[in-house]
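# Structure at a glance
So you can see what is in the structure, the chains are spelled out below.
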Amino acid sequence: MARLQILELPTVYRENGEEETPFVLVIDQTAPQRIALGVDTPWRDYWQDIANRVGARAAIVTPEIIDIPGNEVTLTEAADGNVVRIRVEPDLAGFREQVLAEVAQAQAEARAFLK
């Protein structure tokens, strides 16, 4: 089953004092999928479209398993002296349906634009 993870990139500090923490969407255990559109735009990557919509710098999609160490929290000061590791996994129930709905909408917009 596909997993969605966030890979945080180093924080960027702007001249006006603002800071931004860019991120990359990592979708593992799934195959990259592209949508064929037409002659002028031969294909479109809907994972990258989703990354663009949520403000991610990129989307990494792979059939391999990728574990991001930054998504694990280690508590070394447990009361009994043991090391406790916590891993947060998102609940992706309904995610596939949401993605397919977004893809259908993007395809309809692309077809309308090409007409």
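Please refer to the structure higher up on the page.
No experiment lies behind these values; they were computed from the predicted model shown. Here the residue index of a chain counts from 1 through its sequence in written order. With pLDDT at 70 or above as the cut-off, local features in this predicted model cover only qualifying residues; side-chain atom pairs require 80 or more to be listed or tallied, and sums for whole chains, interfaces and linings still use all residues. As a convention, hydrogens and water are excluded, and side-chain values are obtained from all of the structure's heavy atoms.

Two strands qualify as a pair provided that DSSP identifies no fewer than 2 bridges between them. A run of DSSP states H or I qualifies as a helix once it reaches four residues; a run of E qualifies as a strand once it reaches two. Both are numbered from the N-terminal end. In spatial order, the strands read S1-S4-S7; together these three strands make up an open sheet with mixed pairing. The open sheet has two free edges, formed respectively by strand S1 (3-8) and strand S7 (58-62), since each of these has just one partner strand. Sheet twist, expressed as the mean angle between neighbouring strand axes with direction ignored, is 20°. Both S1 and strand S4 (residues 23-28) contribute to a ladder of six bridges, which runs antiparallel. Across the sheet, Arg-3 pairs through a bridge with Asp-28, a residue of S4. What makes two residues a contact is simply this: any of their non-hydrogen atoms within 4.5 Å. Whenever a helix is involved, its axis is fitted only over the stretch in contact; in every case the axis is a line through C-alpha atoms, and angles between N-to-C directions fall within 0 to 180 degrees. Its contacts with the sheet put helix H1 (residues 46-54) on S4 and S7, and the angle it makes with S7 is roughly 145°.

Locating Thr-62 in the fold gives a position in strand S7. The buried label goes to any residue with under 20% of its type's maximum accessible area, the exposed label to any with over 50%, and the partly exposed label to all in between, with areas taken from a 1.4 Å probe on protein chains only. A relative accessible area of 13% means that Thr-62 is categorised as buried. Residue contacts for Thr-62: discarding those within four places in its chain leaves Ile-27, Asp-28, Gln-29 and Thr-30.

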